[in-house]
Amino acid sequence: MIALVGVGAGIGAVLFWLILQIAPPKDSALVQLGKLDAMHARHASGGPRSAAVRPAARDVHSRVGAFVAERLHRRGVAYTSLRQDLALTGKSFESAMGRKVLAFAAGFLLSLTLVVALTLAGLVSFPPGSPLLLAAAVGVGFFFLPDLDARTAAAKRRQEFEAVLYVYEDLVALEMAGSAAAEEALPSVARVGVGWPLALIRDTLYRASRATSKKDQWDALAELGIRIGVTELRDLGQLIKLVAHDGAKVRETLTARAATGRRRRLAIAQGDAGERDQSMRLAQIVLGFGFILFLGYPTVAAIAGL
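Residues numbered from 1 in each chain as written. Predicted model: local features only at pLDDT ≥ 70, side-chain atom pairs only at ≥ 80, totals over all residues. Heavy atoms only, no water.

Q: Quick question: what am I supposed to make of the packing of helix α4 (residues 80–89) against helix α5 (residues 93–120) here?
A: Helix-helix packing is described using two parameters, namely the angle between the two axes and the distance between the axes. Here α4 crosses α5 at 115°, and the two axes come no closer than 10 Å. In terms of axis orientation, α4 runs roughly perpendicular to α5. Where α4 crosses over α5, the handedness of that crossing is right-handed. Residues Leu82, Arg83 and Leu86 of α4 pack against Phe93, Ala96, Met97 and Lys100 of α5. Broken down by class, the residue content of the contact of α4 with α5 amounts to five nonpolar, no polar and two charged. (Axes fitted to C-alpha atoms, helices over the stretch in contact; angles between N-to-C directions. Helix = DSSP H or I, 4+ residues; strand = E, 2+ residues; numbered from the N terminus. Parallel < 35°, antiparallel > 145°, perpendicular 65-115°, else oblique. Left-handed = near helix turned anticlockwise from the far one by under 90°. Contact = heavy atoms within 4.5 Å. Nonpolar A, V, L, I, M, F, W, Y, C, P; charged D, E, K, R; others polar.)

Q: What is the right way to look at the nonpolar core in this model?
A: It is characteristic of soluble globular proteins that their nonpolar side chains tend to be buried jointly. One finds Phe161, Tyr168, Val172, Ile201, Trp218 and Leu254 to be the most contacted residues of the largest nonpolar core, which totals 29 residues. Listed by contribution, the elements that provide at least two residues to this core are α7 (145–177), α8 (182–192), α9 (196–210), α10 (217–228), α11 (231–242) and α12 (247–305). Among the elements that take part in this core, α7 stands out by supplying seven residues, more than any other. In terms of nonpolar packing, the next biggest core, distinct from the first, is built from nine residues, Val68, Ala69, Leu72 and Met97 among them. (Core = buried A, V, L, I, M, F, W, Y, C linked by side-chain atoms within 4.5 Å. Buried < 20%, exposed > 50% of the residue type's maximum accessible area, 1.4 Å probe, protein only.)

Q: Is there a simple way to explain the packing of aromatic side chains in this structure?
A: One pair of aromatic rings is described through two measures. These are the centre distance and the angle between the planes. Per the counting criterion, the structure on display carries four aromatic pairs. Here Tyr79 and Phe93 contribute two aromatic rings whose centre-to-centre distance is 5.9 Å and whose plane-to-plane angle is 50°, an arrangement assigned as tilted. Residue Tyr79 is located in the loop between α3 (60–74) and α4, and its partner Phe93 is located in helix α5; the two are separated by 14 residues in the primary sequence. On the basis of relative accessible area, Tyr79 is assigned to the partly exposed category, the value being 26%. Taken together, a centroid distance of 6.3 Å and an interplanar angle of 25° make the contact between Phe104 and Phe108 stacked. With Phe104 and Phe108 both in helix α5, this residue pair falls four residues apart, about one helical turn. Using a relative accessible area of 21% as the deciding quantity, one classes Phe108 as partly exposed. (Phe/Tyr/Trp six-rings, centres within 6.5 Å; stacked < 30°, edge-to-face > 60°.)

Q: Looking at this structure, I do not really get α4. What am I missing?
A: Think of an α-helix as 3.6 residues a turn; residues three or four steps apart then line up on the same face. Three or more residues of α4 are buried, namely Leu82, Asp85, Leu86, Ala87, Leu88 and Thr89. Downstream of α4 by a residue or two, Gly90 has a phi angle that is positive, lying close to 75°.

Q: Explain a nonpolar patch on the surface here, please?
A: A contiguous nonpolar patch, built from Leu123, Val124, Phe126 and Leu134 and spanning about 350 Å² of accessible area, is present on the exposed surface. Of note, Leu123 is situated in the loop between α5 and α6 (130–143). (Patch = residues over 30% accessible without salt bridge, like charges linked within 9 Å, V, L, I, M, F, W, Y side chains within 5 Å. Areas by Shrake-Rupley, 256 points an atom, 1.4 Å probe, with all protein chains shown as cover. Salt bridge = Lys/Arg side-chain N within 4 Å of Asp/Glu carboxyl O.)

Q: Mind showing me how you'd approach the pattern of salt bridges here?
A: Side-chain pairing between opposite charges can occur once the charged atoms of the two side chains come close. Following the criterion strictly, the structure yields twelve salt bridges and no others. Two residues, Arg74 and Glu70, come together in a salt bridge whose shortest N-O distance is 2.8 Å. Taken together, the positions of Arg74 and Glu70, both in helix α3 and four residues apart, correspond to about one turn of that helix. Under the relative-accessibility criterion, Arg74 is labelled exposed at 58%. On the basis of relative accessibility, which here comes to 37%, the residue Glu70 falls in the partly exposed class. The salt bridge involving Arg257 is made with Glu232; its shortest N-O contact spans 3.2 Å. Of this pair, Arg257 sits in helix α12 while Glu232 sits in helix α11, and the two are 25 residues apart along the sequence. Here Arg257 matches Glu232 in class, with each residue buried. Overlapping salt bridges bring together Glu162, Glu232, Arg257 and Arg264 as one network.

Pasting the structure below:
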């Protein structure tokens, strides 16, 4: 009995630690934006990381993640989708890989300990070697849990960014209609708005204007779209480059893309509302059927008893 209590306490402690590693406390939007800028500055400079920001100097999962990330880079494994999701949520790739490795180890050890405990207690019996295979399968499942968390958070933030982007395009077109050049309208509108999407756009434009080799603002926005996985922004930057010499065509393009984006978001919202409506109808049908059973059960029981 004491051994089972100890095993249960150990499993609970591992689960609690695993939850903290896979789903750490969320930072505010400004903190995440600062982390995103810091990572982008390090990658853009191409220099070695300083000791203050080196993942290996922080914690165990960052050291493990840095080791795994380096091995993956040498073998040409890009993990592009995961990198985009992490860039949008302000987390480093090394830290995410560390959480994935530690999640695999925790899942493997947790399931193996549980299987061994059940076998010693005589509750179940497994063929030789199957506990290791079962533990490895559970570990692989735990390995992909951080990906799911990053993908869910990034999808939500990506929707927020796209919603603000359509408004930003409209405002830039209006600013250009007042005889403002695109180079003036882009940062001017970004300075007016609030929120992390406009702060990210504002920071990108500022870096482009202050870079050693001055970068075109549309190119900078296209690179931002590639970095955070927002195809609307990437396509916008590449499309505007084709008509950048004609201010009227730029305004028309911005207005048309903003209108198209709003219609698409409206269609998505209507589809989501329809799905929720169907879910509510199904719930009402099930509830009504259960109420009918509740009312009819005494009668049916009485007839069956006769």
